[in-house]
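The chain contents come next:
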Amino acid sequence: MSDRFLLEEYVEAYGNRELAKQAKRLNPQSYNDFWEILNEDLEELVGQLESDAKDFISAEEDEITRALVRSLKARFYDASHETDEGGHVDVTVRSQCRKYSMLGEAKRSKKGSGYLLDGFKQLTSRYARGTPSHNRGAMLIYVQQGKAAETLARYKNVLEANSASFENIEFEQCALREGLAFNTSHVLERIGQGAPKYIVRHIALCLNRTASVQ
Amino acid sequence: MLSNLILARIREVYPAFEREGVAQVCDWIIGRIGENESLGLLDNGIVFSPSEIIQAIGWSEDKSKTQDVLRGLDFLSFGPVQLLKREFEFWPLDDEDARPVAISLDELAEAAEKGGLVCPRTNQFIENFKAQVSVAYYTDSATLRKAEEMADER
């Protein structure tokens, strides 16, 4: 018995909080569980990309997305890049049990807010299923130039100005990433009224560097 | 030998490991599986204990190193290619010669919720069950074949 690794040591090594997170990642009990832990993990992983911003400041969209997908895989998500979901979606994240999923559309911000809006339309009209346990998505906005919060605010303004294109769209602040993310929910055209709205988390990733002092 | 496909799948994720230790643990485990496989010893299976890995890699048993070992073992059990299986065993204290009893994850979850485990042998309610349940990871030929199939599918 003494040479065995005990459950109490296992719990102690992970710590109660990390162990609970690990259990949620490996075996989420509900779609909300999956969404919650995925967003917590995304926050940390996005933070890691941002801390390595110098490596991504001129990177192509796919290169940044691939780095994020690898990090998600290392946290036990069934994540992939360019999976066929009625077209090649940038990021697909499924739970290990494959019951729950989230799709992500990645766009570099330097092509402007209209380009980002096209990405949101693409995500919610072409790729999103919108069926139960598959009705959440993410817009990953890679900000390599300019001010991230202002870039996101401009995009949000354009989205609000185009609200008529998205049935019953609602906007909500994102407490996890104040000023650098917001959530929307709207009725998907392919699903219609009566089912839960499609929720999208719009996240600005700060992959820029301030100009050096001349 | 372990197929290149499995190794490729694992290495695909390596650059993203947040802690170098996890990659080191995975390397060590894969190396040991490869040695056993080349010696034809895999049919009997190999058990990996976190304590054994800590010693083999020459680490001290501090909390962060132990966590790296567990993350590595979990990664190979639940990650993109599942080379290992995780097992929990209950060890009776009243009879040292008695064999341990396998405990399912559901039973453990129920025990955590109720604050105690019902001993499968005696039906006795044990509050301090975490000191009597061991955690081990193992692999054998059948598990590796499944992992290869999974890697092929993906």
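Everything below is about the structure shown above.
Summary of the structure given here. It should be emphasised that the depicted structure is a prediction, and the values quoted were computed from it without experimental measurement.

On a plain count of helices and strands, chain B comes out with six helices and six strands. Listing every helix and strand of chain B by position from the N terminus yields α-α-β-α-α-β-β-α-β-β-β-α. Its C-alpha atoms put chain B at 50 × 35 × 30 Å along the principal axes. Evaluated residue by residue, chain B yields a buried proportion of 47% over its 154 residues. Accessible surface, chain B: about 8,000 Å² in total, of which carbon and sulfur atoms supply 46%.

Every contact between the two is made by 26 residues of chain A and, on the other side, 35 residues of chain B. Both faces combined, the contact of chain A with chain B buries some 2,700 Å², and carbon together with sulfur accounts for 60% of it. Broken down by element, the residue count for the side of chain A that touches chain B peaks at seven residues, all from helix α1 (residues 7-14) of chain A. Looking at the side of chain A that touches chain B residue by residue, the class counts come to twelve nonpolar, four polar and ten charged.

Moving on, we get to the sheet that holds strand β1 (residues 46-48) of chain B. Residues and elements named next belong to chain B. The sheet built from four strands is open, its strands ordered β1-β6-β2-β3 with antiparallel pairing. In this open sheet, the two edge strands, each paired with only one partner strand, are β1 and β3 (101-103). Strand-to-strand, the axes of this sheet are offset by a mean angle of 45 degrees, without reference to chain direction. Note that strand β2 (residues 85-90) and β3 share three bridges and pair antiparallel. Bridged to F90 within β3 is V101.

This part covers the pattern of salt bridges. Applying the stated rule across the entire model yields 20 salt bridges over all chains. Between A:E36 and A:K24 there is a salt bridge, and its shortest N-O distance comes to 2.6 Å. Of this pair, A:E36 sits in helix α3 (residues 31-51) while A:K24 sits in helix α2 (residues 16-26); the two residues are twelve residues apart in sequence, bridging distant segments of the chain. A relative accessible area of 42% places A:E36 in the partly exposed class. Between B:K114 and B:E110 there is a salt bridge, with its nearest N and O atoms 2.7 Å apart. Highlighted residues: B:K114 and B:E110, both in helix α5 (residues 105-114), separated by four residues, approximately one helical turn. A relative accessible area of 55% means that B:K114 is categorised as exposed.

Positive phi is not limited to glycine here, since A:F76 has a value of about 75 degrees. Structurally, the position occupied by A:F76 is in the loop between α5 (61-74) and β1 (78-84).

It is worth spelling out the nonpolar core at this point. Among the nonpolar cores identified, the biggest contains 52 residues, and A:L7, B:I29, B:I33, B:F48, B:L83 and B:L84 are the most heavily contacted of them. The element contributing the most residues to this core is helix α2 (residues 20-38) of chain B, with seven residues. Within the second largest apolar cluster, 31 residues are counted, among which are A:I37, A:L38, A:L49 and A:L72.

Inspection of the entire model under this criterion finds ten aromatic pairs over all chains. Taking 6.4 Å as the distance between ring centres and 70 degrees as the angle between the ring planes, the aromatic pair formed by A:F34 and A:Y77 counts as edge-to-face. Of the two residues, A:F34 is situated in helix α3 and A:Y77 in the loop between α5 and β1; the sequence distance between them amounts to 43 residues. For the pair formed by A:F34 and A:Y77, the shared burial category is buried. Through a chain of ring-to-ring contacts, three or more aromatic side chains come together here, namely A:Y31, A:F34, A:Y77 and A:Y100. When the ring centre of A:F182 is taken as origin, the NZ or CZ atom of A:K156, which lies over that ring, is 5.6 Å away. The residue whose ring lies beneath B:K65 is B:W59, and the NZ or CZ to ring-centre distance is 4.5 Å.

The next subject is the side chain of B:N36. Here B:N36 shows up in helix α2. A distance of 2.9 Å separates a polar atom in the side chain of B:N36 from the backbone oxygen of B:R32.

The rules behind these values
- Residues numbered from 1 in each chain as written.
- Chains lettered and ligands numbered in written order.
- Predicted model: local features only at pLDDT ≥ 70, side-chain atom pairs only at ≥ 80, totals over all residues.
- Heavy atoms only, no water.
- Helix = DSSP H or I, 4+ residues; strand = E, 2+ residues; numbered from the N terminus.
- Buried < 20%, exposed > 50% of the residue type's maximum accessible area, 1.4 Å probe, protein only.
- Areas by Shrake-Rupley, 256 points an atom, 1.4 Å probe, with all protein chains shown as cover.
- Contact = heavy atoms within 4.5 Å.
- Buried area = accessible area lost by both parts, 1.4 Å probe.
- Nonpolar A, V, L, I, M, F, W, Y, C, P; charged D, E, K, R; others polar.
- Pairing = 2+ DSSP bridges.
- Axes fitted to C-alpha atoms, helices over the stretch in contact; angles between N-to-C directions.
- Salt bridge = Lys/Arg side-chain N within 4 Å of Asp/Glu carboxyl O.
- Core = buried A, V, L, I, M, F, W, Y, C linked by side-chain atoms within 4.5 Å.
- Phe/Tyr/Trp six-rings, centres within 6.5 Å; stacked < 30°, edge-to-face > 60°.
- Lys NZ or Arg CZ within 6 Å of the ring centre and 35° of its normal.
- Polar contact = N/O pair within 3.5 Å; in protein donor to acceptor, adjacent residues only side chain to side chain.

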